[in-house]
Amino acid sequence: MSGDDPRVTDDWQVDDRVVAFETEYFEVGYDVVERPDGERSRYYWIEPADVVAVVPVTDDGDIVLVEEYEPQLDGVTLGCPSGGIHDGESPADAARRELREETGYVADDLTELLTYRPEQWIRMDCTVFLAENLVEREPDRDEGEEIAVHTVPVEDAVDATLAADVVHGAQVTPLTIAIAEGLS
């Protein structure tokens, strides 16, 4: 890379943090930040609970994907099982729970791949797990969840996800991370 060093330094000072709106699911607000040039600006954010995404791989080498209507996105998505981390729950425990709830599968092997921030405006960590040696059981879905479970070959998983009615980063990124980590 060329150009100036883009790293954030101690020269950026947060002078105030304002929560403008909150629900039981997230807060919305802004930080008042003094930039290195001395100017002050508001930087807006949304802060929901952290989430997990699970890339489940069957013994046949297929990826398990879930298809569901997402009211917030006004369309149908296809992607990896995912969901919020409950209070007091570890990311690994949340991954096991979400996998079972949404697909019915239980993983004998669960490997943490990466934790990342899915969006600049959203202060939320998403931890991606690879789930292998799956045992199929009945799904344990939350009330109101209508989910179709599909298995697709690894080499078709990203294309299948991109062909959904609505495509968003949280559906594509976990697959990309797993493939970058050697899933083939």
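Residues numbered from 1 in each chain as written. Predicted model: local features only at pLDDT ≥ 70, side-chain atom pairs only at ≥ 80, totals over all residues. Heavy atoms only, no water.

Asker: Residues and numbers for the domain arrangement of the chain, please.
Answerer: For the chain, the domain assignment lists domain 1 (13–48) and domain 2 (51–180). Relative placement of domain 1 and domain 2: their C-alpha centres are 30 Å apart. Between domain 1 and domain 2, the residue contacts involve 7 residues of the former and 4 residues of the latter. Both sides together, the interface formed by domain 1 and domain 2 hides about 530 Å², and carbon and sulfur atoms give 54% of it. For domain 1, the biggest contributors to the area lost against domain 2 are Tyr44, Ile46 and Pro48; these three give 61% of the whole. There are 1 salt bridge connecting domain 1 and domain 2. Measuring nitrogen to oxygen at the nearest pair gives 2.4 Å for the salt bridge that ties Asp31 to Arg123. Our count for the domain 1 to domain 2 interface comes out at 3 residue pairs in polar contact (both at pLDDT 80 or more). Class assignment for the residues of the side of domain 1 that touches domain 2 results in 4 nonpolar, no polar and 3 charged. (Domains from an automatic or database assignment. Contact = heavy atoms within 4.5 Å. Buried area = accessible area lost by both parts, 1.4 Å probe. Salt bridge = Lys/Arg side-chain N within 4 Å of Asp/Glu carboxyl O. Polar contact = N/O pair within 3.5 Å; in protein donor to acceptor, adjacent residues only side chain to side chain. Nonpolar A, V, L, I, M, F, W, Y, C, P; charged D, E, K, R; others polar.)

Asker: Break down the pattern of salt bridges for me, with residues and values.
Answerer: Under the criterion given, the structure shown has 8 salt bridges. The partner of Arg117 in a salt bridge is Asp125, with the nearest N and O atoms 2.7 Å apart. Take Asp125: its relative accessible area is 25%, and that puts it in the partly exposed class. One salt-bridge network, held together by shared partners, links Glu89, Arg97, Glu98 and Glu101. (Buried < 20%, exposed > 50% of the residue type's maximum accessible area, 1.4 Å probe, protein only.)

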